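If you want the building blocks of each chain, they are given just below.
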Amino acid sequence: MMKKNLILIGFMGAGKTSVGQALAGKLGWPLSDTDQMIENEAGMPIARIFEEKGEQAFREIETAVLKRLIQEADEAVISVGGGLPLREENRRLLDTLGQTVFLQVKPETVIARLAGDTTRPLLSGDHVEERVRELLVYRNPIYRDAAGITVDVDGKEVSRIAEEICREAGL
Ligand code: S3P
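Residues numbered from 1 in each chain as written. Predicted model: local features only at pLDDT ≥ 70, side-chain atom pairs only at ≥ 80, totals over all residues. Heavy atoms only, no water.

Q: Can you walk me through the overall build of the protein chain in this structure?
A: Counting its regular elements, the protein chain contains eight helices and five strands. Moving toward the C terminus, one meets the helices and strands of the protein chain in the order β-α-β-α-α-α-β-α-β-α-α-β-α. In terms of overall size, the protein chain behaves like a compact globule, its C-alpha atoms giving a radius of gyration of 15 Å where 171 residues would be expected to give roughly 16 Å. On the principal axes, the C-alpha backbone points of the protein chain span a range of 45 × 35 × 25 Å. Taking all 171 residues of the protein chain together, the buried fraction comes to 48%. Relative to all contacts within the protein chain whose residues are 6 or more apart in sequence, the contacts with residues 24 or more apart total 77%. Summed over all atoms, the accessible surface of the protein chain reaches about 8600 Å², with 48% contributed by carbon and sulfur. Averaged over its 22 positive side-chain charges, the protein chain has a centre that lies 2 Å from the centre of its 28 negative ones. (Helix = DSSP H or I, 4+ residues; strand = E, 2+ residues; numbered from the N terminus. Rg over C-alpha atoms; globule rule 2.2 N^0.38 Å. Buried < 20%, exposed > 50% of the residue type's maximum accessible area, 1.4 Å probe, protein only. Contact = heavy atoms within 4.5 Å. Areas by Shrake-Rupley, 256 points an atom, 1.4 Å probe, with all protein chains shown as cover. Lys, Arg positive; Asp, Glu negative; His and termini not counted. Charge placed at Lys NZ, Arg CZ, Asp CG, Glu CD.)

Q: What is the right way to read the sheet that holds strand β3 (residues 77-79) from this model?
A: Taken in spatial order, the five strands make up an open sheet running β2-β3-β1-β4-β5, and their pairing is parallel. At either end of the open sheet lies a strand with only one pairing partner, and these are β2 (31-33) and β5 (149-152). The average undirected angle you get between the axes of adjacent strands in this sheet is 25 degrees. Looking at chain direction, strand β1 (residues 6-9) and β3 are connected through three bridges and run parallel. Paired with L8 across the strands is S79, a residue of β3. Contacts from helix α7 (residues 128-146) reach β1, β4 (99-104) and β5 within the one sheet, and its direction differs from that of β4 by about 150 degrees. (Pairing = 2+ DSSP bridges. Axes fitted to C-alpha atoms, helices over the stretch in contact; angles between N-to-C directions.)

Q: Would you mind showing me how to read the pattern of salt bridges here?
A: Side-chain pairing between opposite charges can occur once the charged atoms of the two side chains come close. Enumeration according to the criterion identifies 12 salt bridges in this entry. A salt bridge links K156 to E164, with the nearest nitrogen and oxygen atoms 3.2 Å apart. Members of the salt-bridge network, linked through shared partners, are E55, R59 and E62. (Salt bridge = Lys/Arg side-chain N within 4 Å of Asp/Glu carboxyl O.)

Q: Even after reading the chapter, I still don't get the site of the ligand, so can you show me in this structure?
A: Inspection of the region around the ligand gives 13 residues, with K16, D35, R59, R120 and R139 positioned closest. Here an oxygen atom of the ligand sits 2.7 Å away from a polar atom, N or O, in the side chain of D35. Between the ligand and the protein, one listed contact pairs an oxygen atom with a side-chain N or O atom of R120 at 2.7 Å. Contact with the protein chains hides 95% of the accessible area of the ligand, taken as 390 Å² for the molecule alone. Grouping the amino acids of the shell around the ligand by side-chain chemistry returns five nonpolar, three polar and five charged. (Near = heavy atom within 4 Å. Polar contact = N/O pair within 3.5 Å; in protein donor to acceptor, adjacent residues only side chain to side chain. Nonpolar A, V, L, I, M, F, W, Y, C, P; charged D, E, K, R; others polar.)

Q: How should I be thinking about the packing of helix α1 (residues 16-27) against helix α8 (residues 158-169) in this particular structure?
A: Helix-helix packing is characterised by the crossing angle of the two axes and by the distance between the axes. At a minimum axis distance of 9 Å, the contact between α1 and α8 shows a crossing angle of 60 degrees. Between α1 and α8, the angle falls in the class oblique. Crossing of α1 against α8: the hand is right-handed. Contacts between α1 and α8 involve S18, V19, A22, L23, K26 and L27 from the former and V158, I161, A162, E163, I165 and C166 from the latter. (Parallel < 35°, antiparallel > 145°, perpendicular 65-115°, else oblique. Left-handed = near helix turned anticlockwise from the far one by under 90°.)

Q: Help me out: how do you make sense of the nonpolar core in this one?
A: Soluble, globular proteins show a tendency: their nonpolar side chains are buried together. Counting residues in hydrophobic clusters, the biggest one holds 53 residues, and the most contacted among them are I9, F11, L23, I78, V101, L103 and I165. Setting aside its immediate chain neighbours within four residues, L103 contacts I9, G10, F11, A14, G15, K16, V19, V151, V153, I161 and I165. (Core = buried A, V, L, I, M, F, W, Y, C linked by side-chain atoms within 4.5 Å.)

Shown next, in the form of structure tokens:
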């Protein structure tokens, strides 16, 4: 039987963490965050994992963490890193883990929210705006396919997004 978790996917800066917190509060469910789990496990921030071990190693840990959540989580809100749904294997694992919600965000919102951010290795360096746009064009169809529910987040309060998700998910 499918597990009763709510999983939030979407691009960096879409609000997966803050919406996850609001949903967890509303439903009285615990919140898990794959980035947080990976940082705890590795004992270092994600930027350093990328630097020292490379992105591929980070992606392997993401899959391992997802498998662990399938064993452990039920009636939980789970926020996953922006790149996690890109692996086909991970998309299959997400289907087993629960109901997936895509927080769809416009490039302008991401750019405004992540100005000055130093925690996301994929958006460090020059030409960040261009990179955000390119990555969104590539990733959005994948996110949409991976999710049963899509919610637009631009210009909306976190509480309203959480309400929309609960309504759409029948919770
Ligand atoms: C990534 C998103 C990040 C983090 C890592 C890679 C991505 O998570 O997992 O920096 O590939 O989109 P958030 O989406 O929580 O920022």
